[in-house]
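The lines below spell out each chain.
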Amino acid sequence: MGDFRGFFLGLKANNTKAYFQAHRRQYEEAVKGPMIALLAELEPEFGPARLSRPNRDIRFAADKSPYKTNIYASAPDGGYVALDAAGLTAAGGRYLMDPAQLARYRAGVAADSSGKKVEALVAALRDKGYEINEPELKRVPPPHGQDHPRGGLLRLKQLIYWRQWPVGPWIATAEAFERVREAWRDGAALNAWFAKHVDA
């Protein structure tokens, strides 16, 4: 893996089309190429991943910087992986559920059997050292009572677990693949819960 960190640090300092075009070869060889290679290794187990484009959608954004300062991808049977100047991130769960999915998620959390199951899955991920996002809502949404035993999960609008690793020599070795694979495998049971109780 080449100097991806130098590319991202330079882009962060000079987020312009001129910088990106001048360093396009570095982007292709040190950023995009290694990520594609990593995804190819993961594909047999987790399916083909969708890779992000470098351009930001700035139509409705206050920040008009034209380029992303990271590269990321998601695989249907795995999760999310991202690389930036700080290091590598692997994650999973569900991000930005639509209203119908959110309603099914809350029903699944509220029900005794399925709710206890997902509560145990989240606790197991925490025990393994993964971070879990904090609730977006201050109160448990109706019709559930504020004293619901799984109120914390009901106050979520997304459920994501992740782990981040700072840049080190390991990132240019097979260990990068092994860390992402382990994180996605650790989330497989949570993915299965979502497939059963939330996905249409």
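The following paragraphs examine the structure supplied in this document. Computed from a prediction, not measured in an experiment: that's the story for all the values here. (Residues numbered from 1 in each chain as written. Predicted model: local features only at pLDDT ≥ 70, side-chain atom pairs only at ≥ 80, totals over all residues. Heavy atoms only, no water.)

Quick word on the side chain of Arg163
Mapped onto the elements, Arg163 comes out in strand E6 (residues 159-166). Buried Arg163, no salt bridge; nearest opposite-charge side chain is Glu182, N-O distance 4.7 Å. Setting aside chain neighbours within four positions, we find Arg163 in contact with Leu88, Thr89, Ala90, Lys128, Gly129 and Tyr130. (Helix = DSSP H or I, 4+ residues; strand = E, 2+ residues; numbered from the N terminus. Buried < 20%, exposed > 50% of the residue type's maximum accessible area, 1.4 Å probe, protein only. Lys, Arg positive; Asp, Glu negative; His and termini not counted. Salt bridge = Lys/Arg side-chain N within 4 Å of Asp/Glu carboxyl O. Contact = heavy atoms within 4.5 Å.)

With respect to the packing of helix H4 (residues 99-110) against helix H5 (residues 112-127)
The geometry of H4 relative to H5 is characterised by a closest axis approach of 5 Å and an angle of 95 degrees between their N-to-C directions. By the angle class used here, H4 and H5 are roughly perpendicular. Taking contact as the criterion, the partners of Gly108, Val109 and Ala110 in H4 are, on H5, Asp112, Ser114, Gly115 and Val118. When the residues that make up the contact of H4 with H5 are grouped by side-chain class, the tally is three nonpolar, three polar and one charged. (Axes fitted to C-alpha atoms, helices over the stretch in contact; angles between N-to-C directions. Parallel < 35°, antiparallel > 145°, perpendicular 65-115°, else oblique. Nonpolar A, V, L, I, M, F, W, Y, C, P; charged D, E, K, R; others polar.)

Regarding the pattern of salt bridges
For the structure shown, the criterion picks out eight salt bridges. In this structure, Glu45 engages Arg185 in a salt bridge whose closest nitrogen and oxygen atoms are separated by 2.8 Å. A residue pair is termed long-range when its members are at least 10 positions apart, and Glu45 in helix H3 (residues 24-46) and Arg185 in helix H7 (residues 174-186) qualify at 140 residues. Taking relative accessible area as the criterion, Glu45 reaches 39% and is therefore assigned partly exposed. One salt bridge in this structure joins Asp199 and Arg94, with 2.9 Å as the shortest N-O distance. With Asp199 in the segment after helix H8 (188-197) and Arg94 in strand E4 (residues 87-94), this residue pair connects regions lying 105 residues apart in the sequence.

Some details on the pairing of E4
Counting buried positions along E4 yields seven of eight residues, so the element is predominantly enclosed. Relative to E4, strand E3 (residues 80-84) runs antiparallel, the two being bridged by five bridges. Along E4, the bridge assignment pairs Leu83 with Leu88. Joining the antiparallel neighbours E3 and E4 is a turn of two residues. Across eight bridges, E4 lies against E6 in antiparallel orientation. Across the sheet, the residue bridging to Gly87 is Pro166, located in E6. (Pairing = 2+ DSSP bridges.)

Digging into the environment of Phe177
Here Phe177 is to be found in helix H7. A relative accessible area of 15% means that Phe177 is categorised as buried. Spatially, the C-alpha atoms of Phe177 and Leu38 are 6.2 Å apart, while their sequence positions differ by 139 residues. With sequence-adjacent residues up to four places away left out, Phe177 is seen in contact with Leu38, Glu41 and Leu42.

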